[in-house]
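Coordinate analysis (summary)
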Amino acid sequence: MTRYEQAKNMYAQLGVDTEQAINTLKDVTISMHCWQGDDVHGFDTDDALSGGIQATGNYPGRANTPEQLMADIDLALSLIPGKTKLNLHASYAIFENGEHVDRDQIRGEHFKKWVDFAKERNMGIDFNPTYFSHAMVKDGLTLSSPDEEVRKFWVEHGKACLKISEYFANETGIPCVMNIWIPDGYKDIPADRFAPRARFKKSLDEILDTPYDKSKVYVTLESKVFGIGVESYTVGSAEFCLSYSIQKGITPLMDNGHYHPTEVVSDKIPALLTFFPEVALHVTRGIRWDSDHVVVLDDETKEIAQEIVRCDALDRVYIALDFFDASINRISAWVTGFRSMQKALLTALCTPSAALKELQDSSQFSRKMVMMEDCKMLPIGDVWAEYCRQCGVDADNYYDEIEKYENETGKTIVRICGVCGKEEQAVSEAELAKKYGYDAVLLSPGG
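The following paragraphs examine the structure supplied in this document. (Residues numbered from 1 in each chain as written. Predicted model: local features only at pLDDT ≥ 70, side-chain atom pairs only at ≥ 80, totals over all residues. Heavy atoms only, no water.)

The secondary structure content of the chain amounts to 15 helices and 12 strands. Expected size for 447 residues packed as a compact globule is a radius of gyration near 22 Å; at 23 Å, the chain falls within 12% of this value. With the C-alpha coordinates aligned to their principal axes, the bounding extent of the chain is approximately 65 × 60 × 45 Å. When each of the 447 residues of the chain is scored for burial, the buried share is 53%. For the chain, long-range pairs separated by at least 24 residues make up 79% of all intrachain contacts whose partners lie at least 6 apart in sequence. Looking at the chain as shown, the accessible area adds up to about 20100 Å², and 50% of this sits on carbon and sulfur atoms. Where the 47 positive side-chain charges of the chain centre and where its 70 negative ones centre are 2 Å apart. (Helix = DSSP H or I, 4+ residues; strand = E, 2+ residues; numbered from the N terminus. Rg over C-alpha atoms; globule rule 2.2 N^0.38 Å. Buried < 20%, exposed > 50% of the residue type's maximum accessible area, 1.4 Å probe, protein only. Contact = heavy atoms within 4.5 Å. Areas by Shrake-Rupley, 256 points an atom, 1.4 Å probe, with all protein chains shown as cover. Lys, Arg positive; Asp, Glu negative; His and termini not counted. Charge placed at Lys NZ, Arg CZ, Asp CG, Glu CD.)

So this is what it looks like as structure tokens:
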């Protein structure tokens, strides 16, 4: 008997069908955020990253061109089991033949290469207007700006993105989730909290007055508690975004790094599902603040997955990942984050939720606690290995493939010891760096 067969029998004793869990997970789509591969730089501007967003670290290998980013995404996809979508920001428009238009004028044709990429891989595309890292972000404000020229510029950007989202849906045959998030706010205590939110509401109304097919484009609105440079006041607060979403019939999006440290998104999922037909998630890992660390199999990630499954809401929750770590191999970050979310979902699917609910409803709280604790020791790793096998990927050792790719493309160029100054790899790899456009030197901490 194999380890998986033994695990399958152990779960069956609790009424859990692991084959059903595996097959269910195969149909769960998680959206892959392109911005992990290039530290949120994008291709439409050379402006510095702004809007309370920071990608920290200087690990070599950041993608500098669309072709490099697509190649990196391809490798990540080959190591991720299950279904994925591609998640783009508007700043990843690809201009050719010397053309360049500003964000209020972008069109679907500026994303045709991404559409071709997605169609070749049978993927849908999700989309995000990019309200940051741009000269028209004046005094940290976009859709809530008192400067009418600024506000209208960003309204037109939102309208353009609605049309592009519908283009994605028409081309791929898969609905597009378009998420709106703005960085607007104030560093210090504002004199007027109402007017910026009134302007934000007006701007959103104007954007959503643009005709679009609601069966093809699912508009979501993302809140945030604070950001770097807007510590005292955020225009798009949770209360504002939830109220607006329910009034306009759009979908609220929760990023689990966008709340107070004592708040958890897992508890908010069943609350919102009581009132909204769908909710959307950006799953990340905040450490002390919205730091967008790579998702790992921690308690909150597992609890987010548990609530989705307990609520029987896998078809009502749009799951996307949102992190950007420049201190480690970026492809490894993608794959680790995806696999962690999938492991959390598989763990939830292999939890005897019906039995636990029955114990709760019959007030058998002690037995419920014991059973929940016992479930933590079940051999979920063996079920995960079987899931990966059925999806045609290795359950372990995926980093070997990433390291091989890193070496072949010249991404680990010349490593120079930060202590003794000795080159640890052949200088000839610097030629590969020049060819592929990657960083040539990485200071290592060891001697």
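Here the narrative resumes.
Once that is clear, we can look at the pattern of salt bridges. Taken as a whole and assessed by the stated rule, the structure comprises 26 salt bridges. A salt bridge links Lys187 to Glu231, with the nearest nitrogen and oxygen atoms 3.6 Å apart. Of this pair, Lys187 sits in the loop between β5 (185-186) and α6 (194-208) while Glu231 sits in the loop between β6 (217-222) and β7 (233-234); the two residues are 44 residues apart in sequence, bridging distant segments of the chain. On the basis of relative accessibility, which here comes to 36%, the residue Glu231 falls in the partly exposed class. Several salt bridges converge on common partners, so that one network encompasses Glu148, Arg151, Lys152 and Glu206. (Salt bridge = Lys/Arg side-chain N within 4 Å of Asp/Glu carboxyl O.)

Turning next to the side chain of Thr142. Relative to the helices and strands, Thr142 is located in the loop between β3 (125-128) and α5 (148-172). Judged by relative accessible area, which is 0%, Thr142 ranks as buried. Each residue touching Thr142, except ones within four places of it in the same chain, is listed here: Tyr131, Val137, Val150, Arg151, Trp154, Ile182, Pro183 and Asp184.

Okay, the pairing of strand β8 (residues 251-255) next. With 5 of its 5 residues buried, β8 lies for the most part within the structure. Across the two faces of β8 the burial is the same, with Thr251, Leu253 and Asp255 and Pro252 and Met254 all buried. In terms of strand pairing, β6 meets β8 through 3 bridges, oriented parallel. What sits directly across from Thr220, in β8, is Thr251. Taking the sense of rotation as the criterion, the β-α-β connection linking β8, helix α8 (residues 265-273) and strand β9 (residues 279-283) turns out right-handed. (Pairing = 2+ DSSP bridges. Right-handed = clockwise from strand over helix to strand, strands pointing away.)

With respect to the helices and strands, Asp255 occurs in strand β8. Buried charge Asp255 goes without a salt bridge, the closest partner of opposite sign being Lys224 at 7.4 Å. Separated by 2.7 Å, the side chain of Asp255 and the backbone nitrogen of Gly257 make a polar contact. (Polar contact = N/O pair within 3.5 Å; in protein donor to acceptor, adjacent residues only side chain to side chain.)

Moving on, we get to the nonpolar core. Counting 120 residues, the largest nonpolar core has Ile73, Trp114 and Phe127 as its most contacted members. With 11 residues, the top contributor of residues to this core is helix α10 (residues 330-349). (Core = buried A, V, L, I, M, F, W, Y, C linked by side-chain atoms within 4.5 Å.)

Every buried residue belonging to α8 is among Val265, Ser266, Lys268, Ile269, Leu272 and Leu273, and all of these are buried. Viewed along the axis of α8, the buried residues span an arc of 155°, placing them on a single side of the element. The inward-facing, buried residues of α8 contact α7 (238-248), β8, β9, α9 (299-310) and β10 (317-321). (Arc of directions from axis to C-beta.)

Attention now moves to helix α4 (residues 112-120). All buried positions along α4 are accounted for by Trp114, Val115, Phe117 and Ala118. Within α4, the buried residues cover an arc of 160° as seen down the axis, which keeps them to one side. Summarising the contacts, the buried residues of α4 are in contact with α3 (66-78), β2 (83-89), β3 and α5. Taken from the residues just after α4, Asn122 is the one with a positive phi, measuring 55°.

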